[in-house]
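# Coordinate analysis (summary)
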Amino acid sequence: MLPHARRALTPLIGLLLSSPSLAEDTSALPHEQCAPATQDSETVNDQPITIKANTAKAISESYAQYEGDVTVRQGARYMQADSATLRQPENIVTAEGDVIFSDGQVEVKSDKLVTNLTTEDSEMHNAKYRLLCQQGRGEAYRVYKDGQKIFRLQDGSFTTCPEGDKSWNFSASHIERDDDSPYADFYNARFEVLDVPILYAPWLRVPVGEQRLTGFLFPTIGIGSRDGLEFELPFYWNIAPNYDLTLTPKYMEKRGLQMGAEFRYLWDIGEGSLSGEILDSDKKNPSLGKRWAFNWQHYGTYKQHWLIEADYSRVSDTNYFVDLDSDIGQREDNQLMQTGAVSYRDQHWNSRIMVRDFQQLTGDSLPYRLVPQLDFNFYYPNSLLGLDWNMNSSVSRFETDDPNKPSADRVHLEPSISLPLSDTWWYMNTEAKLMYTYYNQKNIDNLTLDAGETNRLESSVTRTLPSFRWDGGVYLERDTEISGHAYTQSLEPRIQYLYIPKEDQSAIYQPFNYAGGGYDTTLLQTDYYGLFRDRKYSGIDYIAEANQVSVGATTRYFDSDYIERFNLSFGQIFYLNDTGNTSPTGQDAPPTYSAWALESDFNYADWLFFHSSLQYDANINQVQLANTTMEYRQDSTFAQLSYRYITKDYISQTVNLSVPGSEQIISDEGISQLGFETGFSITNNWKFRANYYHDLNEDIMLQSYAGLTYEAACWAMGISYNEYLRDYSFDAQQADYENNISFTVSLRGLSTQNLNLDTTDGGNSLGYGRPFYLNN
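Residues numbered from 1 in each chain as written. Predicted model: local features only at pLDDT ≥ 70, side-chain atom pairs only at ≥ 80, totals over all residues. Heavy atoms only, no water.

The name an unreviewed UniProt entry assigns to the chain is LPS-assembly protein LptD, from the organism Vibrio stylophorae. Under the heading Sequence similarities (unreviewed entry), UniProt records this for the chain: "Belongs to the LptD family." Recorded in UniProt for the chain, the comment headed Subcellular location (unreviewed entry) runs: "Cell outer membrane". (UniProt positions renumbered as here; feature names shortened; annotations may be inferred.)

Spelled out as structure tokens, the structure:
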């Protein structure tokens with residue numbers, strides 16, 4: 001509690017009071033400010049000493065005495081007293097009457113200070129201390145310092161509440177700390193609320209400063225319709241400076257006792273964690289037996305060139321995350337990621353070997369695992385004649401447990417050469433590629449086909465495709481004025497030509513000829529930024545033919561401080577022949593142009609924000625996709641209204657709805673979702689947060705949330721209510737909702753519990769995002 005005072009008192013007083021000849025009249029500097037300790041005590045001892053007192057006298061070998069408003073300063077150290085005396089030869093210093101000591105880290109006030117400069121034993125009476133660089137204060141009837149090591153408080157206390165606030169404090173009959181220890185020991189410790197003892201412990205150890213310490217963390221209490229009463233009490237074990245363990249038993253009234261654990265480590269080859277949860281028997285689902293979840297994450301570098309990454313997760317059953325709250329693992333599209341990679345990077349090349357698998361959490365689809373993939377990439381920019389040379393290559397093996405899908409070995413080589421040219425107002429890039437791919441496919445005769453499809457897969461396939469791309473644009477700028485305000489407007493037109501010849505690729509298991517096909521390939525969304533990609537599909541299982549021109553333009557408005565206030569981007573693809581457009585449109589002949597894509601952002605005076613995007617297919621006079629977000633924000637107050645719309649036809653083109661159960665994620669009319677979020681301060685202490693999401697097509701609520709927090713100077717509490725749709729039947733009469741109420745208390749300055757009650761996503765909503773920043 002007072003380690004800084006103990007270290008600084010003896011050398012300061014010894015230097016000051018044994019050298020009265022150093023006294024001079026100077027003005028004392030403020031002693032209630034934080035001065036972080038960046039120097040060791042020996043360096044501070046070398047700094048000049050200044051003393052101020054009304055009177056001073058000394059008799060050699062007898063005593064030195066200061067009287068009346070005694071102040072002493074050495075660097076960040078400060079002492080004040082009514083009087084101070086040094087007795088010799090005993091070498092004992094006594095300071096009396098409103099004694100104040102500060103070293104920039106802690107300030108101590110007491111009635112009397114007595115210290116032996118020879119043994120360095122010290123004692124302070126009726127002491128009150130206050131930490132200057134962080135929250136914390138306390139009192140003690142007596143403060144002892146035993147030589148250079150042990151520091152003791154008799155009838156001591158500690159709290160982070162301000163002066164006069166008795167909301168809570170720790171008190172003990174005896175507090176002890178060794179100078180070499182990062183801990184303080186409390187004996188006969190009591191936790192008191194409004195001076196009323198709530199908890200008692202014969203011995204309690206707490207950290208001094210920022211050191212980690214083994215012990216119980218603060219509990220969490222909640223109640224919900226799904227799990228009933230919940231109680232969580234984490235225990236932290238500081239095993240070593242570079243690794244620790246947190247054990248979290250969690251009692252759920254309707255399910256039983258769940259044990260969670262997280263082991264964190266920091267080694268020379270990187271950092272990572274192993275976390276897990278186990279519920280021995282779920283009272284609501286006893287037939288499932290033990291329910292568990294596990295995750296291992298690692299990230300590290302070795303000798304600058306090597307990069308090691310791992311993220312492996314697994315759960316006992318596919319409904320684990322539906323039934324239980326858990327932060328285990330990384331989930332994408334209802335799949336649990338299981339990846340590992342080792343990379344080597346140098347100036348002009350890099351290589352990586354990676355394995356990847358998934359645990360499917362919904363439906364019966366069994367995704368492909370990558371076991372493994374070896375990448376080798378070479379790049380040599382700005383070489384002869386300013387050319388950029390690149391070579392991307394990979395060797396991959398794809399396996400699946402689905403007996404009705406093929407497996408494959410794939411080799412891909414992609415050399416390219418490009419010439420990037422640019423100036424302050426224009427740029428141009430010309431690129432040529434050659435894409436060579438070889439497949440060795442197995443289990444091709446058992447392929448399950450949709451009606452009308454024909455199995456044309458071959459066990460050995462070679463595909464060679466060239467690609468040519470030219471991309472250029474200019475930057476134009478002018479000064480303009482709107483409503484009397486000066487702006488700089490830019491116009492940035494852009495054009496791209498892309499050519500990839502047509503080739504029959506039906507012998508490869510890919511998503512164009514086969515519903516649900518593709519080893520690692522799917523159709524990409526064609527928003528404004530996607531108009532200028534050189535591929536229509538992710539991955540390389542299907543490379544769409546192209547003979548097309550993409551045109552677009554962006555205009556921006558900057559104010560006098562060069563802050564972007566508005567932008568608008570719009571563009572379209574024009575197909576020079578039938579190639580490149582394979583999206584169904586409902587017409588007899590393929591259209592000659594793509595849907596229009598628009599993006600826009602607006603920032604009005606940094607308090608009103610707007611974002612919108614739109615894709616409109618003029619061929620069928622239909623809006624395929626639209627979303628818009630508008631937000632008011634002032635300080636901690638915000639209100640956001642959002643809307644998103646996607647047709648079911650557009651979703652069916654980009655998402656594999658043939659997976660069992662996947663058709664239930666959207667209604668028959670696609671997605672039309674309205675959302676509202678708000679947060680504001682009711683008073684200085686009370687804060688409110690809420691959201692609501694509604695499906696307009698089916699007129700059914702998807703999710704709602706309300707949370708209220710109270711934050712005092714040294715404690716905080718929060719209560720929240722969350723309700724979200726558990727299934728996707730979109731039947732208002734049979735809707736199954738999950739309801740949860742949670743209540744949390746935190747002691748500020750001690751608890752690590754997060755009271756930011758924003759974790760409200762039930763998986764049904766778009767979620768909160770700052771407009772104007774959505775594309776960054």
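### Description of the overall build of the chain
When helices and strands are counted, the chain shows four helices and 42 strands. Classification of the 776 residues of the chain by burial places 44% in the buried group. Put simply, of all contacts in the chain between residues at least 6 apart along the chain, 51% involve residues at least 24 apart. When the accessible surface of the chain is totalled, it reaches about 39,200 Å², and 53% of it is carbon and sulfur. (Helix = DSSP H or I, 4+ residues; strand = E, 2+ residues; numbered from the N terminus. Buried < 20%, exposed > 50% of the residue type's maximum accessible area, 1.4 Å probe, protein only. Contact = heavy atoms within 4.5 Å. Areas by Shrake-Rupley, 256 points an atom, 1.4 Å probe, with all protein chains shown as cover.)

### Details of the state of the cysteines
Under the defined criterion, the tally for this structure stands at one disulfide. A sulfur-sulfur distance of 1.9 Å marks the disulfide that ties C161 to C714. Disulfide C161-C714: the torsion about the S-S bond is 75°, which places it as right-handed. Separated by 553 residues along the polypeptide, C161 in the loop between β9 (150–158) and β10 (168–178) and C714 in the loop between β40 (700–711) and β41 (715–725) bring together distant segments of the chain. We note that C161, like C714, is buried. (Disulfide = S-S within 2.5 Å.)

### Digging into the environment of I239
When you line up the elements, I239 lands in strand β16 (residues 235–240). Looking at I239, the relative accessible area reads 31%, which means it is partly exposed. Sequence spacing of I239 and T214 is 25 residues, and the spatial spacing of their C-alpha atoms is 8.0 Å. Ignoring any residue separated from it by four or fewer positions in sequence, one finds I239 in contact with D244, L245 and F263.

### Re the pairing of strand β17 (residues 243–252)
Strand direction decides the pairing type here: strand β15 (residues 228–232) and β17, joined by three bridges, are antiparallel. Paired with E232 across the strands is K250, a residue of β17. Pairing geometry for β16 and β17, over four bridges, is antiparallel. If you follow W237 over to β17, its bridge partner there is L245. Hairpin geometry of β16 and β17 is characterised by an intervening segment of two residues between the two adjacent antiparallel strands. Note: β17 against strand β18 (residues 256–267), ten bridges, orientation antiparallel. Following the sheet pairing, Y243 is matched in β18 by Y265. Counted along the chain from β17 to the antiparallel partner β18, the turn is three residues long. (Pairing = 2+ DSSP bridges.)

### Quick word on a negative patch on the surface
A cluster of acidic residues, E67, D69, D82, D98 and D111, forms a negative patch on the protein surface. Assignment of secondary structure puts D69 in strand β3 (residues 63–74). Overall, the relative accessible area of 52% leaves D69 in the exposed class. (Patch = residues over 30% accessible without salt bridge, like charges linked within 9 Å, V, L, I, M, F, W, Y side chains within 5 Å. Salt bridge = Lys/Arg side-chain N within 4 Å of Asp/Glu carboxyl O. Lys, Arg positive; Asp, Glu negative; His and termini not counted. Charge placed at Lys NZ, Arg CZ, Asp CG, Glu CD.)

### Some remarks on the nonpolar core
Among the nonpolar cores identified, the biggest contains 36 residues, and V143, L153, W168 and F186 are the most heavily contacted of them. The biggest single contributor to this core is strand β11 (residues 183–193), with five residues. (Core = buried A, V, L, I, M, F, W, Y, C linked by side-chain atoms within 4.5 Å.)

### Looking at the side chain of S594
Within the secondary structure layout, S594 lies in the loop between β33 (564–575) and β34 (596–604). Of the residues examined, S594 reaches a relative accessible area of 8% and is grouped as buried. Excluding anything up to four places from it in sequence, S594 contacts L531, Q572, I573 and Y575.

### Describing the pattern of salt bridges
The final tally for this structure, using the stated rule, is 32 salt bridges. Here R291 and D323 are joined by a salt bridge, their closest N and O atoms 3.0 Å apart. With R291 in strand β20 (residues 291–302) and D323 in helix α3 (residues 320–323), this residue pair connects regions lying 32 residues apart in the sequence. According to the relative accessible area criterion, R291 is buried, its value standing at 0%. Salt-bridge contacts for K433 lead to E414; the nearest nitrogen and oxygen are separated by 3.3 Å. Note that K433 is positioned in strand β28 (residues 426–442) and E414 in strand β27 (residues 407–422), a separation of 19 residues in sequence.

### Considering the side chain of S157
Checked against the element boundaries, S157 lands in strand β9. In this structure, S157 is in contact with Y129, R137, G138, E139, N169, F170, S171 and I175, ignoring residues within four places of it in sequence.

### Digging into the pairing of strand β7 (residues 122–131)
As judged from the eight bridges shared by strand β6 (residues 106–116) and β7, these two strands associate in the antiparallel manner. Pairing of V114 across the sheet is with E123, part of β7. Linking β6 to β7, which pair antiparallel, is a turn of five residues; within it E120 sits at a positive phi near 65°. Relative to strand β8 (residues 137–146), β7 is paired through eight bridges, and the arrangement is antiparallel.

### A look at a nonpolar patch on the surface
The grouping of I221, I223, L229, F231, Y251, L257, I719, Y721, I741, F743 and V745 at the surface amounts to a nonpolar patch, some 920 Å² of accessible area in total. Breaking the nonpolar patch down by element, the ones donating at least two residues are β14 (220–224), β15, β41 and β42 (737–747). Secondary-structure assignment places L229 in strand β15.

### Quick notes on the environment of S613
Mapped onto the fold, S613 is located in strand β35 (residues 608–617). Distance in space between the C-alpha atoms of S613 and D527 is 8.2 Å, their sequence separation being 86 residues.

### Points about the packing of aromatic side chains
One pass over the structure, following the stated rule, counts 32 aromatic pairs. When the ring of W306 is compared with that of Y344, the centres are 4.9 Å apart and the planes differ by 70°; the resulting orientation is edge-to-face. One end of the pair, W306, is in strand β21 (residues 306–315); the other, Y344, is in strand β23 (residues 335–345), with 38 residues separating them in the sequence. Measuring from centroid to centroid gives 5.4 Å for F398 and Y519, while their planes differ by 25°, and the two rings are stacked. With F398 in strand β26 (residues 388–399) and Y519 in the loop between β31 (485–500) and β32 (546–558), the pair connects residues that are 121 residues apart, well separated along the chain. Taking relative accessible area as the criterion, Y519 reaches 4% and is therefore assigned buried. Clustering of aromatic rings is evident, with ring pairs tying together Y368, F398, Y439, Y509, Y514 and Y519. The ring of F532 is capped by R494, whose NZ or CZ atom sits 4.1 Å from the centre of that ring. (Phe/Tyr/Trp six-rings, centres within 6.5 Å; stacked < 30°, edge-to-face > 60°. Lys NZ or Arg CZ within 6 Å of the ring centre and 35° of its normal.)

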